[in-house]
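Observations on the three-dimensional arrangement
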Amino acid sequence: MSAKSVWPYYRTDVVSLSPWLAPIIWEGTFDPALIDLIYKQYNFTIATTVFALGKYTRFLKDLLESAEQHYFIGYRVHYYLFTDKPEAVPEVKMSENHRLTVRRVPSLDRWQDISMGRMEILEKLIANELINESDFIFCLDVDTKFYGHWGAETLGRLVGIIHPWFYDFPRNKFTYERRRESAAFIPDGEGDYYYTAAAFGGMLEDVYQLTKTCRQQMNIDRENSIEAIWHEESHLNKYFLYNKPTKLLSPEYLWRDINIPADQIRVVRFSHIAKNNSEVRSHH
Ligand code: UD2
């Protein structure tokens, strides 16, 4: 089959359906024009959250500028940007139906607390504000950039993204939390996929339940003086094991690094930015 998508839309080199029959979205399995024809008529609003605390504000310009090239173009998007340094938020020109709201949040010392603390802030944002103004929400890491189309093909009740390091690994290699003492524990022999916490989304009610449950489970861990191996990502994986996503996005939607090729990845739509963790996570 040629690399270009042709009717009928299918691929034989990737699996595009989960065992519970949720679609897994890969380039070449859908028609973007047809998707727009279906979804545009509803005039949905997609809330999109980004956290940038400490030195992570440096990633905002590239992320927002690239989003304005590729992310839900022609749809209503409301970005909510949480930061401890509102003065460091760059001016980025928004397209007509895209807008951005900046919210100040307190600084935290540990990067793990920043990462995990997102769940509680999202839970409150959805309950207190979004229920009346948005239809869907996506929650994105900030050390990222868009390189290709991300549109309405990603909308669903509960949307998980297959982690770019583990999509072709057997499940005994997944880095789930394996200690029974943690609320994120997943026993050997269980689990479907390993999902990234760098991007997830869905309808408000569904993402509300996800964020609330992860926040509660992290509180239980804190009371028991344990922190899951990959923080909220471990809890997200536990949640998705028992609350299956209705749509899965392939690692095209969160790749490792734009410069790393892989056979099945025909389009990198969104990717991590290589960063020096110790430098960017230090406060000084
Ligand atoms: C992984 C996950 C990430 C999260 C984290 C928790 C992937 C691809 N990413 O990323 O989603 O689950 O592990 O272990 O699997 N942040 C700040 N300021 C800080 C620190 C963090 O704003 O000083 C925010 C920011 O939005 C960042 C996010 O928290 O994108 C996650 O932190 P990270 O990117 O440093 O975590 P990382 O790359 O290990």
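A quick note: this is a predicted structure, and the numbers were derived from the prediction, not measured.

1. With respect to empty space enclosed by the protein
This structure, assessed with the given rule, holds 1 cavity of 30 Å³ or more. What the largest cavity holds in volume is close to 70 Å³. Lining the largest cavity are 13 residues, with Arg118, Leu122, Cys139, Ala197 and Phe200 positioned closest to its centre. Elements that contribute at least two residues to the lining of the largest cavity include exactly strand E2 (45–52), helix H3 (111–128) and strand E5 (136–140). For the lining of the largest cavity, the residue count by class is 8 nonpolar, 2 polar and 3 charged.

2. Some thoughts on the layout of surface pockets
For the largest pocket, the calculated volume is near 970 Å³. If you list the elements that add at least two residues to the lining of the largest pocket, you get E2, H3, helix H5 (232–242) and helix H6 (277–281). At 4 residues, H3 tops the list of elements feeding residues into the lining of the largest pocket. Each residue belonging to the lining of the largest pocket can be placed in one class, and the counts come to 21 nonpolar, 10 polar and 13 charged. For the second largest pocket, the calculated volume is near 300 Å³.

3. Some details on a nonpolar patch on the surface
A cluster of nonpolar side chains, namely Leu34, Leu37, Ile38 and Tyr42, defines an oily patch on the protein surface of about 430 Å² accessible area. You can see Tyr42 is positioned in the loop between helix H1 (32–39) and E2.

4. A closer look at the site of the ligand
Close to the ligand lie 23 residues, the nearest being Phe51, Tyr56, His231, Glu233 and Lys275. Within the backbone of Leu53, a nitrogen or oxygen atom sits 2.7 Å from an oxygen atom of the ligand. Between the ligand and the protein, one listed contact pairs an oxygen atom with a backbone N or O atom of Ala198 at 3.1 Å. When isolated, the ligand has an accessible area of 730 Å², and the protein chains bury 94% of it.

5. As for the pairing of strand E8 (residues 199–203)
Here E8 lies mainly inside the structure; 4 of its 5 residues are buried. Pairing of strand E7 (residues 158–161) with E8 involves 2 bridges; the strand directions are antiparallel. Bridging from a neighbouring strand, Leu158 pairs with Gly202 of E8.

Rules behind the numbers
Residues numbered from 1 in each chain as written. Predicted model: local features only at pLDDT ≥ 70, side-chain atom pairs only at ≥ 80, totals over all residues. Heavy atoms only, no water. 1 Å grid on protein atoms, 1.4 Å probe; cavity = no way out; pocket = protein on both sides within 12 Å on 5 of 7 lines; lining within 4 Å. Points joined across faces, edges and corners; volume = space filled by probe spheres on them. Helix = DSSP H or I, 4+ residues; strand = E, 2+ residues; numbered from the N terminus. Nonpolar A, V, L, I, M, F, W, Y, C, P; charged D, E, K, R; others polar. Patch = residues over 30% accessible without salt bridge, like charges linked within 9 Å, V, L, I, M, F, W, Y side chains within 5 Å. Areas by Shrake-Rupley, 256 points an atom, 1.4 Å probe, with all protein chains shown as cover. Salt bridge = Lys/Arg side-chain N within 4 Å of Asp/Glu carboxyl O. Near = heavy atom within 4 Å. Polar contact = N/O pair within 3.5 Å; in protein donor to acceptor, adjacent residues only side chain to side chain. Buried < 20%, exposed > 50% of the residue type's maximum accessible area, 1.4 Å probe, protein only. Pairing = 2+ DSSP bridges.

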